[in-house]
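# Coordinates in review
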Amino acid sequence: MRRLLAGLTAGTFLLATAACGSSDGSGSSDASSGGITSVKVGIIPILDVAPIYLGQEKGIYKKHGLKVSMTAAQGGAAIVPGVVSGQFQFGFSNMTSLMIAQTQNVPVQAVVNGVASTGVDGKDFGATVVKKGSPIKSAKDLEGKKVAVNTLKNINDTTVRQSVRKAGGDPSKVKFVELAFDQMPAALDKGEIDAAMAVEPALSTIKSQGGTEIASSYVDVAKNLTVAMYFTSNQYAQKNPAVVKKFKEATEEALKYADDHPDEVRQVLTTYTKIPSTLLPQLTLPSWPAEPNLDSVRTLAKLGQEDGIYKSAPDLDKLIP
């Protein structure tokens, strides 16, 4: 298992020490009391996962017989080994991390949609941004510049590279550095980086500091890009199909609730992020469809392969059964 997980990018090592455990759902992770099953979910503390917090707050998961608890990590690449080891029963990960895992025969499968781009250029929840007064005016100008992404050799590398391509630049000349989303505003303000691929709420924080958007990088990859999904291990899915079904149905309901109640999304953000209340009205919310856009995932997979992120083409039929 160590060999399988070693290549998932540097962020993997945040949780790799757990990678030799069992994912059979034994112990407290799958203990039921009064018909309620407790499950642990690995998440990234960003706007994307607001529906699961909202679903918990509104009793949606309880209604489906689940008690969910969330644990934060820096990126999807760090969450994958936690799910495979059984530290988490479910995890939230961007599609590239899941496709990297699939190509390395790491036993994971997507369960339910996570988050999607709005598909609107200039009005998306993720964007490549620069500080106030920066000489960088377009993605082409990122050649030779230091650009922050939350995990190296992952989805945001691909999206930034695609923005550079579309602007007529050479994506191989971009210098990527790894930085957590919540550290990007300060690093950009101090000039430690030249640009950042940021998502909300970091995106609005940067804009509140005078930063400007130079590319809607998710939109540059594909319209209505499926950015992330919730997933589990193959072993857990095989041994606990009823729990997986409950999680899928509850999360689909939570996604719809979030899409229909944007004001409540903004409020629940204050419970797990440090975003100031003054920035809440400025947030650009993503789309939370119940179903993934498989065409957009195929495009993301193709671009990632061109960039050398995968050694072989991901088998999406196995990943998203």
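Here's what I pulled together on the structure shown here.

Thresholds, definitions, all that
- Each chain carries its own residue numbering, running from 1 in the direction its sequence is written.
- Predicted model: local features are reported for residues with pLDDT of at least 70 only, side-chain atom pairs are reported and counted for 80 or more only, and whole-chain, interface and lining totals are derived from all residues.
- Only hydrogens and water are set aside; all other atoms, that is, all heavy atoms of the structure, feed into the side-chain values.
- Secondary structure elements follow DSSP: runs of H or I no shorter than four residues count as helices, runs of E no shorter than two count as strands, and numbering proceeds from the N terminus.
- It only takes one pair of heavy atoms within 4.5 Å for two residues to be counted as in contact.
- A pair of strands is treated as paired once DSSP finds two or more bridges between them.
- Crossover handedness is defined by viewing with both strands directed away from the observer: a clockwise path from the first strand over the helix to the second marks the crossover as right-handed.
- Lines are fitted to the C-alpha atoms to define the axes, a helix being fitted only along its stretch in contact, and any angle between axes, read from their N-to-C directions, falls within 0 to 180 degrees.
- For Phe, Tyr and Trp, rings pair up if their centres lie within 6.5 Å, where Trp contributes its six-membered ring, and each pair is then called stacked (planes under 30 degrees apart), edge-to-face (over 60) or tilted (otherwise).
- Partly exposed describes any residue whose relative accessible area lies between the buried limit of under 20% and the exposed limit of over 50%, with all areas from a 1.4 Å probe on protein chains only and scaled to the type maximum.
- Given a helix with a known number of residues, its expected span is that number minus one, times 1.5 Å.
- Here a salt bridge means any side-chain nitrogen of Lys or Arg lying within 4 Å of a carboxyl oxygen belonging to Asp or Glu.

### Looking at the side chain of S217
Examined against the element boundaries, S217 turns out to sit in helix α9 (residues 217-221). Contacts of S217, omitting those with residues within four sequence positions, involve G126, T128, T159, V160, S163 and M197.

### Focus: the pairing of strand β7 (residues 146-149)
Pairing of β7 with strand β8 (residues 175-178) involves 4 bridges; the strand directions are parallel. Across the sheet, V147 pairs through a bridge with F176, a residue of β8. Note on the crossover from β7 through helix α6 (residues 155-166) to β8: the handedness is right-handed. Note: β7 against strand β9 (residues 195-199), 2 bridges, orientation parallel. Among the inter-strand pairings, V147 is bridged to a residue of β9, identified as A195.

### Some thoughts on the sheet that holds strand β6 (residues 126-130)
A sheet is described by the order of its strands in space; here 5 strands give the open sequence β8-β7-β9-β6-β10, paired in mixed fashion. Each edge of the sheet is formed by a strand with only one pairing partner; in this case those strands are β8 and β10 (212-215). Sheet twist, expressed as the mean angle between neighbouring strand axes with direction ignored, is 40°. Pairing geometry for β6 and β9, over 4 bridges, is antiparallel. Bridge pairing in β9 places V129 opposite A196.

### Focus: the packing of aromatic side chains
Counting across every chain of the model gives 7 aromatic pairs. Note on Y53 and Y272: the rings are 3.9 Å apart at their centroids and 5° apart in plane angle, and the pair reads as stacked. Of this pair, Y53 sits in helix α2 (residues 50-57) while Y272 is found in the loop between α12 (262-269) and α13 (294-306), placing the two residues 219 residues apart along the sequence. Considering the side-chain rings of F125 and Y218, the 5.5 Å spacing of their centres and the 35° angle between planes classify their relative orientation as tilted. Here Y218 lies in helix α9 and F125 lies in the loop between β5 (108-116) and β6, a separation of 93 residues in the sequence. Note on accessibility: F125 and Y218 belong to one class, buried.

### Points about helix α11 (residues 241-260)
Residues three or four positions apart in an α-helix share a direction because the helix packs 3.6 residues into each turn. Look at α11: 29 Å from first C-alpha to last across 20 residues, which is about the 28 Å you get at 1.5 Å a residue. Along α11, the residues classified as buried are V243, V244, F247, A250, T251, E252, A254, L255 and A258.

### With respect to the pattern of salt bridges
In this structure the tally under the stated criterion is 9 salt bridges. As a salt-bridge pair, E252 and K248 come within 2.6 Å of each other at their nearest N and O atoms. Placement of the pair is E252 and K248 together in helix α11, with a separation of 4 residues, close to one helical turn.

### As for α6
Look at α6: 17 Å from first C-alpha to last across 12 residues, which is about the 16 Å you get at 1.5 Å a residue. Here α6 lies mainly inside the structure; 10 of its 12 residues are buried. Every buried residue belonging to α6 is among I155, N156, D157, T158, T159, V160, R161, Q162, S163 and V164, and all of these are buried. Count one or two residues on from α6 and you reach G168, which has phi positive near 90°.

### Notes on the environment of G168
Tracing the chain through its elements places G168 in the loop between α6 and β8. A sequence separation of 30 residues divides G168 from S138, and the C-alpha atoms of the two residues are 9.8 Å apart.

### With respect to the side chain of T158
Checked against the element boundaries, T158 lands in helix α6. Given the relative accessible area of 0%, T158 is considered buried. If near-sequence neighbours (up to four positions away) are discounted, T158 is found in contact with L300, L303, G304, D307 and I309.

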